[in-house]
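Structural overview
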Amino acid sequence: MTIALQCSCGHLQGTLEPRDAYARVVCYCRDCQAYARLLGREDVLDACGGSDIVAMQPAGLRFTAGADRLTCLSLSPRGPLRWHSACCNTPLANTARDPRLPYAGVLVACITADPSATDRAFGPARVAVNTGSATRAVRPTRRHTAAAVCRIGAGVLLAKLRHRHRDTPFFIAGTSRPVVEPRIVARAEREAATPADHG
Ligand SMILES: [Zn+2]
Ligand SMILES: [Zn+2]
């Protein structure tokens, strides 16, 4: 059974295939926080500045309506592509710049299933990464983190071996060109949105 996602206004809709998920992690890195701030969507962050993310094969994500509002930005000329809806600035997913890397980090905030259904499909959010930049103290989850990193690495490798990276809604088929030209955020704008070092 697929899990539905949509932007906040409902224009852009899609589905996720739980089978294609690698792991679920909450990322506290400054870039994920800056991204939410740039979109004016800090509401998607948890109380400690974390982004709850399902790491998965891009092939497991389908846009079923409103894909004309799909857009993306990047915090630097080589940084990951951060996909969101143009209609209501809902962050949707982060991908590598290179489609040969079958990775998409889908924001749980855009999943419409209730939390218990989301937990059943992708496991509970119990892996914290980049906890050093959390806005409040978050306990590192070393063992869970190591296991998740292994699952993501193995999943990416397996997806590549199966050539599943060719199936992606984010890149023009057979090319390395994203379906939307990313907006590269100017340095000053990025710095203004990046949280200060909390030590
Ligand atoms: Zn929308
Ligand atoms: Zn992050």
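The structure under discussion appears in the preceding block.
In short, a report on the structure. (Residues numbered from 1 in each chain as written. Chains lettered and ligands numbered in written order. Predicted model: local features only at pLDDT ≥ 70, side-chain atom pairs only at ≥ 80, totals over all residues. Heavy atoms only, no water.)

1. A look at the overall build of the protein
In terms of helices and strands, the protein carries 4 helices and 11 strands. Computed over C-alpha atoms, the radius of gyration of the protein comes to 16 Å, within 12% of the 16 Å expected from 2.2 N^0.38 for 199 residues, which places it in the range of a compact globule. Taken along the three principal axes of its C-alpha coordinates, the protein extends 45 × 35 × 30 Å. Here the protein displays about 10,000 Å² of accessible surface, and carbon together with sulfur accounts for 52% of that area. Seen as two clouds, the 26 positive and the 16 negative side-chain charges of the protein have centres 6 Å apart. (Helix = DSSP H or I, 4+ residues; strand = E, 2+ residues; numbered from the N terminus. Rg over C-alpha atoms; globule rule 2.2 N^0.38 Å. Areas by Shrake-Rupley, 256 points an atom, 1.4 Å probe, with all protein chains shown as cover. Lys, Arg positive; Asp, Glu negative; His and termini not counted. Charge placed at Lys NZ, Arg CZ, Asp CG, Glu CD.)

2. A short note on a nonpolar patch on the surface
A grouping of Leu157, Leu158 and Leu161 is seen on the molecular surface, where their side chains present a nonpolar patch of about 330 Å² in accessible area. If you trace the backbone, Leu161 turns up in helix H3 (residues 142-161). (Patch = residues over 30% accessible without salt bridge, like charges linked within 9 Å, V, L, I, M, F, W, Y side chains within 5 Å. Salt bridge = Lys/Arg side-chain N within 4 Å of Asp/Glu carboxyl O.)

3. Focus on unusual backbone geometry
The phi angle at Asn130 is positive, at roughly 55°, despite the residue not being glycine. Relative to the assigned elements, Asn130 resides in the loop between strand E10 (128-129) and H3. Judged by its relative accessible area of 42%, Asn130 falls in the partly exposed class. (Buried < 20%, exposed > 50% of the residue type's maximum accessible area, 1.4 Å probe, protein only.)

4. Focus on the pairing of strand E7 (residues 81-85)
Burial analysis of E7 places 5 of its 5 residues in the buried class, the great majority of the element. With burial as the criterion, each face of E7 is covered, one bearing Leu81, Trp83 and Ser85 and the other bearing Arg82 and His84. The pairing of strand E6 (residues 70-74) with E7 spans 4 bridges and is classified as antiparallel. Looking at E7, one finds that Leu73 is bridged to Arg82. (Pairing = 2+ DSSP bridges.)

5. Brief notes about the coordination of the zinc ion (ligand 2)
Protein-derived ligands of the zinc ion (ligand 2) are Cys27 (SG), Cys29 (SG) and Cys32 (SG), with the metal-ligand distances lying across 2.2 to 2.3 Å. We note that the donor set of the zinc ion (ligand 2) lies within a single chain, spaced as C-x1-C-x2-C. Considered together, Cys27 and Cys32 belong to a single accessibility category, that of buried residues. (Donors = N, O, S within 2.8 Å, 3.2 Å for Na, K, Ca; no water.)

6. Details of the sheet that holds E10
Within a sheet, each strand pairs with its neighbour through backbone hydrogen bonds, oriented either parallel or antiparallel. Spatial ordering of the open sheet is given by E10-E3-E4-E9-E8-E7-E6-E11, a layout of 8 strands whose pairing is mixed. The sheet terminates laterally at E10 and strand E11 (183-184), the two strands that pair on one side only. Where strand E4 (residues 51-56) meets strand E9 (residues 104-107), 4 bridges bridge the pair, whose relative direction is antiparallel. In the sheet register, Val54 faces E9, and the bridge partner there is Val106. Of the strands in this sheet, strand E3 (21-27), E4, E6, E7 and strand E8 (91-95) are in contact with helix H1 (residues 30-38), which crosses E7 at around 30°. Packed on one face of the sheet, H3 meets E3, E4 and E10 and runs near 140° to E3. (Contact = heavy atoms within 4.5 Å. Axes fitted to C-alpha atoms, helices over the stretch in contact; angles between N-to-C directions.)

7. What about the coordination of the zinc ion (ligand 1)?
Coordination angles at a metal have ideal targets, namely 109.5 degrees for four tetrahedral donors and 90 or 180 degrees for six octahedral donors. Ligation of the zinc ion (ligand 1) by protein atoms is provided by Cys7 (SG), Cys9 (SG), Cys87 (SG) and Cys88 (SG), these donors lying 2.2 to 2.4 Å from the ion. If you look at the zinc ion (ligand 1), its 4 donor atoms make angles of 103 to 121° with each other, and the shape they trace is tetrahedral. Mapped onto the sequence, the residues coordinating the zinc ion (ligand 1) show the spacing C-x1-C-x77-C-C. Here the residue Cys7 occupies a position in the loop between strand E1 (3-6) and strand E2 (13-16), and Cys87 occupies one in the loop between E7 and E8, the gap between them amounting to 80 residues. Taking the relative accessible area as the measure of exposure, Cys7 reaches 1% and is therefore buried. The class of Cys87 is partly exposed, set by a relative accessible area of 28%. (Tetrahedral: all angles 85-135°; square planar, octahedral: opposite > 155°, others 65-115°.)

8. Here we look at the packing of aromatic side chains
Applying the stated criterion to the full structure yields 2 aromatic pairs. Each ring, one from Phe63 and one from Phe170, has its centre 5.9 Å from the other, and the planes form 85°; the classification is edge-to-face. Here Phe63 is found in strand E5 (residues 61-65), whereas its partner Phe170 is found in the loop between H3 and E11, with 107 residues between them in sequence. Phe170 carries the same exposure label as Phe63, and that label is buried. Here Trp83 and Phe170 contribute two aromatic rings whose centre-to-centre distance is 4.9 Å and whose plane-to-plane angle is 40°, an arrangement assigned as tilted. Pair noted here: Trp83 is in strand E7 and Phe170 is in the loop between H3 and E11, with a separation of 87 residues, a long-range link. You'll find Trp83 and Phe170 in the same group, each marked buried. (Phe/Tyr/Trp six-rings, centres within 6.5 Å; stacked < 30°, edge-to-face > 60°.)

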